[in-house]
Amino acid sequence: MKKFMIIAILPIALLFSSCGGGKGNQIDELWMPVTIDYSKSIDELIAEGFYDYVNSDISISNFTAKDGDDKIDTIIERTAILINFNRRMSSEDIIAQMALRGLRPATARELLKLGARYPKLQREISVIALGSKSPTSGVLALWENAFGSRNANLWHWSDGWSSSYWVLAFRD
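1. Quick look at the pairing of strand 6 (residues 126–129)
Then, number 1: What you see with strand 6 is no split at all: Ser126 and Ile128 on one side and Val127 and Ala129 on the other are buried throughout.
Then, number 2: Where strand 6 lies against strand 9 (residues 165–170), three bridges are found, and the strand directions are parallel. From the neighbouring strand, isoleucine 128 faces strand 9, where its bridge partner is valine 167.
Then, number 3: Taken together, the three bridges between strand 6 and strand 7 (residues 138–144) define a ladder with antiparallel strand orientation. Bridged to isoleucine 128 within strand 7 is alanine 141.

Here's what the structure looks like:
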C-alpha cells in the first residue's frame, strides 16, 4: 500500500517548487494542469467529483455560472497553482499576496474541477478557493476528514487560514 501511495503522489510532487527566504518566509507551490469547462454548473462539477460529502449550500443557487468567471461557455487548459504561505493569514492578505505574484484566486467552479481531476489531492492537502463566496460569505474548501471522506464544504471568509490550507490560484 505504501508503494502505491508513493507512486501515486510522485507526479504531484514533481510539480512541487518552493520559493522565498528562510523559515517563516517560505512559500510552497504546486503547479498542475487542469482543463476547465466554464459552461458547467456547480451541480455538474459536484457530480463529476464524486465527493463523499457536499455541503448543501454548495449549489447553483449560491454559486451562479457568472460568479467570478467571465469565461462562460469556454473550455480552457490551464495551470492550477496551489500556494501554501506556511503561516496564518486572512483572506484579504492572501489575495493581496497573490496579486503581487500576478495571480488571482480561483472560483468555486475551478476548485471543484481540480478536485474532480485530481481526487487524491485533497487526501494530502486541504485546498480553498477565495475567488467566489456564497451569500453567507462561505468559500469552498476541499479536504479529507478523519474518517477518510473527501469533503466539499464551506468555510467562512473571515475565519483566516492556518498554514495547513493551500489556496488555488490562476494567472489570467
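2. Thoughts on the packing of helix 2 (residues 42–49) against helix 4 (residues 108–117)
Then, number 1: One way to put it is that helix 2 packs onto helix 4 with a least axis distance of 8 Å and a crossing angle of 20 degrees. Between helix 2 and helix 4, the interaxial angle falls into the category roughly parallel. At the point where helix 2 passes helix 4, the crossing takes the left-handed sense. Touching Ile42, Leu45, Ile46, Glu48 and Gly49 of helix 2 are Ala108, Arg109, Leu112, Lys113 and Ala116, all from helix 4.

What counts and what doesn't
- Residues numbered from 1 in each chain as written.
- Predicted model: local features only at pLDDT ≥ 70, side-chain atom pairs only at ≥ 80, totals over all residues.
- Heavy atoms only, no water.
- Buried < 20%, exposed > 50% of the residue type's maximum accessible area, 1.4 Å probe, protein only.
- Helix = DSSP H or I, 4+ residues; strand = E, 2+ residues; numbered from the N terminus.
- Pairing = 2+ DSSP bridges.
- Axes fitted to C-alpha atoms, helices over the stretch in contact; angles between N-to-C directions.
- Parallel < 35°, antiparallel > 145°, perpendicular 65-115°, else oblique.
- Left-handed = near helix turned anticlockwise from the far one by under 90°.
- Contact = heavy atoms within 4.5 Å.

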